[in-house]
Amino acid sequence: MGKLQVLVGLVAIAILSSLCRPVFSQTERTNFILVFIDDMGWSDLSCFGNKLVETENIDRLAREGLRFTQFYVNAPICSPSRTAITTGQYPYRWRISSYLNDRQDNLRRGVANWLEPSAPSLARMLQASGYATGHFGKWHMGGQRDISEAPLIEEYGFDASLTNFEGLGPRLLPLCNAYDGKPPKPHALGSDKLGHGEITWMDRSLITQGFVDRAIEFIEAAQSDGQPFYINLWPDDVHSPFFPPESRRGNTKQELYLGVLKTMDEQLGKLFNFVRQRESLRENTLIVLCSDNGPEVGAGSALPLRGHKTNLYEGGVRSPLIVWGPAFIEEQKRGTTNDENYFCAMDLVPSLISIAELRMETVRTFDGEDMSATLLGLQRRSRTEPLYWRRPPDRPGSQAEDYPDLAMRDGKWKLLTEYDGSDAQFYNLHDDPSEQHNLAEQQSRIVQQMRAMLLTWHQSMPSDRGPDMELEGK
């Protein structure tokens, strides 16, 4: 079966990892690299419209691959977004609806301290079928702040890991240099006191390079052993604090952010070129690149979309997506952009399982759908089921703007409401992607139908303390 003859169609399944097995020989199997950037806005890449800085290495991936402008993540904040792209399920199923903090704050918000190892894991499924699996970069699904007893990253199906202060195991911790004549300041948030792995201190501006170098070492070892590989390359750039190299220091928050963005692009370029320049990798590797949520206010940009990190408007949950793989994408489609189809991070799990051509003998439901044909440019279709979101319980918005608590997209329609379904905002995203024209009164019948679906979904998920915290704040 050729590379372009991947399984097409909707599959809502997961696999008990011990029963996954490959259909094809190891040498024919697809390698995967998932690049998950931290807090990068929808329009921050120059290939998505940024005029202030050129992200030339990521742009080259887009010219040689595919761009998607209606790709969503499943939460507007870090930990739940990472949970969704790991499990193929809504993160709320695992009581992860906001970033994981210390145990007292997690309890206050009704949030788990870590992702349960019993959750589905794409890496574990691939590992059980013969893949070498590595996680290099930010984790933030357990092992942060004062949580020293969280499972190690390897317990989720990884053979090796190197993370930052948001996880356990070997770690790179940053020294932040403001080039003001003062010694660099460590930024560890207590990670240096948790144990569970060797710690290496490194200049903040070089942390992504450290993850890239370790990923390349892992790829070389997998190739030497004749194994296909799956890699998470999850830099903690371009998340604050912003400490670019001295040559890129700026005077404003945005200038510092852009300096970090440019540096990250250069450092990721080393990995992209490593794959591109080796025929055995170039013809058998799929690179998928996106962001975990919208931009931090005052740093990145999601314009012309409304919103930012932590809220449920498009700017908080829509991410740039680039897919690269010369053996998988027809030549005439390379460099093209899909502006019409929408799907999400949860969908990547069953999609990559399909592309890996695993035989599935025992099933469990994913919330994600198999979108592999759209992902590779073989079809143009959107996911069939609606998408749902719940805002982080600790992020209701400022007094000036009370952010909606729940959101739903179904086809061209986007509905946002409070927890009880009130104060509906309703948008036609085909005509109004910037969510400026509330059609709730004009489209009351559709609003009523979608509101019932949204509230049913919300009530089916384990609760956090968002509604209680909202009342406490009034």
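Since this is a predicted model, take the numbers as computed values, not measurements. (Residues numbered from 1 in each chain as written. Predicted model: local features only at pLDDT ≥ 70, side-chain atom pairs only at ≥ 80, totals over all residues. Heavy atoms only, no water.)

Undergrad: A description of the confidence of the model for the chain should follow, citing residues and the corresponding values.
TA: Overall, the prediction assigns the chain a mean pLDDT of 92, with 92% of residues at 70 or greater. Here residues 1-26 scores under 50 on pLDDT; set against residues more than four positions off or in separate chains, the count is 82 contacts. (pLDDT = per-residue confidence, 0-100. Contact = heavy atoms within 4.5 Å.)

Undergrad: Now, about unusual backbone geometry: what can you tell me, with residues and values included?
TA: Geometrically, the link from aspartate 237 to valine 238 is a cis peptide bond, its omega value of 10° lying close to zero. With respect to the helices and strands, the residue valine 238 is situated in the loop between strand 10 (229-234) and helix 6 (253-276). At the junction of leucine 303 and proline 304, the peptide bond is cis and its omega measures out at 10° in the coordinates. Mapped onto the elements, proline 304 comes out in the loop between strand 11 (285-291) and helix 8 (314-317). For tyrosine 179, which is not glycine, the phi torsion reads 50° and is therefore positive. Among the structural elements, tyrosine 179 can be located in the loop between strand 7 (171-176) and strand 8 (185-186). By relative accessible area, tyrosine 179 is classed as partly exposed at 29%. The phi dihedral of glutamate 435 is positive, around 55°, even though this residue is not glycine. Looking at the element boundaries, glutamate 435 is found in the loop between strand 20 (425-428) and helix 11 (444-460). (Helix = DSSP H or I, 4+ residues; strand = E, 2+ residues; numbered from the N terminus. Buried < 20%, exposed > 50% of the residue type's maximum accessible area, 1.4 Å probe, protein only.)

Undergrad: Could you give an account of empty space enclosed by the protein, naming the residues involved and the relevant values?
TA: On inspection of all chains with the given rule, the structure shows three cavities of 30 Å³ or more. The calculated volume of the largest cavity comes to roughly 50 Å³. What lines the largest cavity is simply Arg204, Ser205, Asp237, Phe243, Pro244, Pro245, Val260 and Thr263. Taken together, the residues of the lining of the largest cavity break down into four nonpolar, two polar and two charged. (1 Å grid on protein atoms, 1.4 Å probe; cavity = no way out; pocket = protein on both sides within 12 Å on 5 of 7 lines; lining within 4 Å. Points joined across faces, edges and corners; volume = space filled by probe spheres on them. Nonpolar A, V, L, I, M, F, W, Y, C, P; charged D, E, K, R; others polar.)

Undergrad: Provide a residue-level description of the packing of aromatic side chains, including the pertinent values.
TA: Evaluation of the coordinates by the stated rule reveals 17 aromatic pairs. When the centroid spacing of 5.5 Å and the interplanar angle of 85° are considered together, the rings of tyrosine 92 and tryptophan 457 count as edge-to-face. With a gap of 365 residues between them, tyrosine 92 in the loop between helix 2 (78-87) and helix 3 (103-109) and tryptophan 457 in helix 11 connect regions that are remote in the sequence. Members of the aromatic cluster, connected to one another through ring pairs, are Tyr90, Tyr92, Tyr388 and Trp457. Its end group placed over the ring of tryptophan 389, lysine 414 keeps NZ or CZ at 5.8 Å from the ring centre. (Phe/Tyr/Trp six-rings, centres within 6.5 Å; stacked < 30°, edge-to-face > 60°. Lys NZ or Arg CZ within 6 Å of the ring centre and 35° of its normal.)

Undergrad: Account for the nonpolar core, with residues named and values stated.
TA: Soluble globular proteins tend to pack their nonpolar side chains together in the buried interior. By size, the foremost hydrophobic cluster in this structure holds 52 residues, and its most contacted members are Phe32, Tyr230, Leu286 and Leu321. Contributing elements (two or more residues each) for this core: strand 3 (31-37), strand 4 (66-72), helix 4 (122-128), strand 10, strand 11, strand 12 (318-324) and helix 9 (345-355). Among the elements that take part in this core, helix 9 stands out by supplying six residues, more than any other. Residues in contact with tyrosine 230, not counting those within four places in the same chain, are Phe32, Leu34, Leu122, Ala123, Leu126, Tyr131, Ala132, Thr133, Gly134, Phe158 and Leu352. (Core = buried A, V, L, I, M, F, W, Y, C linked by side-chain atoms within 4.5 Å.)

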